[in-house]
Amino acid sequence: MSTRVRYHPSYLEHLHGLPVHYFAGPDDGPGPGPHLPPPASVAWRLTADREVPFEERWSSFLDRVRTDEVVALVIGAWWQEWDEHGIGPVLDLITAEAHRLPRLRAVFLGDVEPEEAEISWIKQGDVGRVLRAWPGLYELGVRGAENLVIEPLRHEELRGLRIESGGLPPEPVRGLAACDLPALRHLELWLGTSWYGGDCTAADVRALLAMLDRSPRIAHLGLRNSDIQDEIAAAVAAAPVVAGLDSLDLSMGTLSDDGGAALLSGQPLTHLRALDLGHHFMSEEMTRRVRETLGAHIPDLGLTPAHRSARRPEERYVAIGE
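Reading the values: the criteria
Residues numbered from 1 in each chain as written. Predicted model: local features only at pLDDT ≥ 70, side-chain atom pairs only at ≥ 80, totals over all residues. Heavy atoms only, no water. Helix = DSSP H or I, 4+ residues; strand = E, 2+ residues; numbered from the N terminus. Rg over C-alpha atoms; globule rule 2.2 N^0.38 Å. Buried < 20%, exposed > 50% of the residue type's maximum accessible area, 1.4 Å probe, protein only. Contact = heavy atoms within 4.5 Å. Areas by Shrake-Rupley, 256 points an atom, 1.4 Å probe, with all protein chains shown as cover. Lys, Arg positive; Asp, Glu negative; His and termini not counted. Charge placed at Lys NZ, Arg CZ, Asp CG, Glu CD. Core = buried A, V, L, I, M, F, W, Y, C linked by side-chain atoms within 4.5 Å. Phe/Tyr/Trp six-rings, centres within 6.5 Å; stacked < 30°, edge-to-face > 60°. Pairing = 2+ DSSP bridges. Right-handed = clockwise from strand over helix to strand, strands pointing away.

Draft legend 1. Structural view of the overall build of the protein. The helix and strand tally for the protein stands at eight helices and 12 strands. Rg of the C-alpha trace for the protein: 20 Å, near the compact-globule value of 20 Å for 322 residues, within the 12% margin. Each of the three principal axes of the protein carries a C-alpha extent, and together these read 65 × 45 × 35 Å. The burial tally for the protein puts 54% of its 322 residues in the buried class. In the protein, the proportion of contacts linking residues at least 24 apart, taken out of those at least 6 apart, comes to 75%. When the accessible surface of the protein is summed, it comes to about 14,500 Å², and 50% of that surface belongs to carbon and sulfur atoms. In the protein, 31 side chains carry a positive charge and 48 a negative one; their mean positions are 4 Å apart.

Set out below in structure tokens:
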């Protein structure tokens, strides 16, 4: 009997190798407080709450933390009761002070759990503004894809990009495919379902894979949580970029026997250190074939199946939608 894996967008615990620390200010005085950790030792998490709007918390952060030493920043819920305007005003605030965070290397936008907002309700914006404001940024993470904008750009230093969504629209994927990211090493996209705007096609995926030919350092690729997971598997099986990967993640989606067969009949995958196909809908026979073909070569092979409904065993679904 397989163990059912539950997927749940949760608060970050680490970013850029640093523990996340919640900044609770403002408090009773200006300037650095003795209770605050050294600025470069943590990833600073800022949110609004019922008592303190985001603008006030950001102002206190700038006042109380030596921001010229900060290397990682996590933005949680920016609204107090509901999100009327999306992340745009927050991007206005933080990018206007880019000169005060010259050592910033990692940013995560939308560190929100479902109790605050479902992943498909999080209103993002033009995240390229962050990349333009910090040309030395190494990592960018985004949760939520409503109103997400990625315009074509070149960024010399970005090494990691992660976008979590229940439905990633095709426009930002196409924008990303037109970018030049020569230092990129880690790319992870949760493409989601068409029920929540995830209308990317196999052609969009192939264009994205072609873009990665311009990222010679790419080592990890995750194209996850998609209701076209079989088509993604077929595209990946033929993509030249795969030959240079250390790890590949096609988990959380609707992978069936068709996708499994595409992976087995495509280019060799035995060089991979890790391959995650978890939350799959492959038959026991196909799962056995994958394990027998790849298991002896890939140290970390994830084959945990999705939970199937007893009433509708043929039904397939992504791990995270709404």
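The discussion continues.
Draft legend 2. Looking closely at the nonpolar core. By size, the foremost hydrophobic cluster in this structure holds 84 residues, and its most contacted members are Trp 44, Phe 61, Leu 140, Leu 187, Leu 209 and Leu 223. Not counting the four nearest positions on each side in its chain, Trp 44 is found in contact with His 21, Phe 23, Leu 36, Pro 37, Pro 38, Pro 39, Phe 61, Val 65, Val 70, Ala 72, Leu 73 and Val 74. Counting nine residues, the second-largest nonpolar core is a separate cluster that includes Leu 18, Val 71, Val 74 and Phe 108.

Draft legend 3. Broad picture of the packing of aromatic side chains. Going through the model one piece at a time under the given rule, you end up with six aromatic pairs. Plain terms: the ring middles of Phe 281 and Tyr 317 are 5.4 Å apart, the flat faces sit at 75° to each other, and that makes the pair edge-to-face. Of this pair, Phe 281 sits in the loop between strand 11 (274–276) and helix 8 (284–294) while Tyr 317 sits in the segment after strand 12 (300–302), and the two are 36 residues apart along the sequence. Aromatic rings pair up to connect Phe 23, Trp 44, Trp 58 and Phe 61 into one cluster.

Draft legend 4. View of the pairing of strand 7 (residues 160–164). For strand 7, a buried count of four out of five residues is recorded, marking the element as mostly surrounded by other parts of the structure. Here strand 7 pairs with strand 8 (residues 186–192) via four bridges, running parallel. Residue pairing in the sheet places Arg 162 in a bridge with Glu 188 of strand 8. One crossover worth recording links strand 7 to the parallel strand 8 by way of helix 4 (residues 170–177), and it is right-handed.

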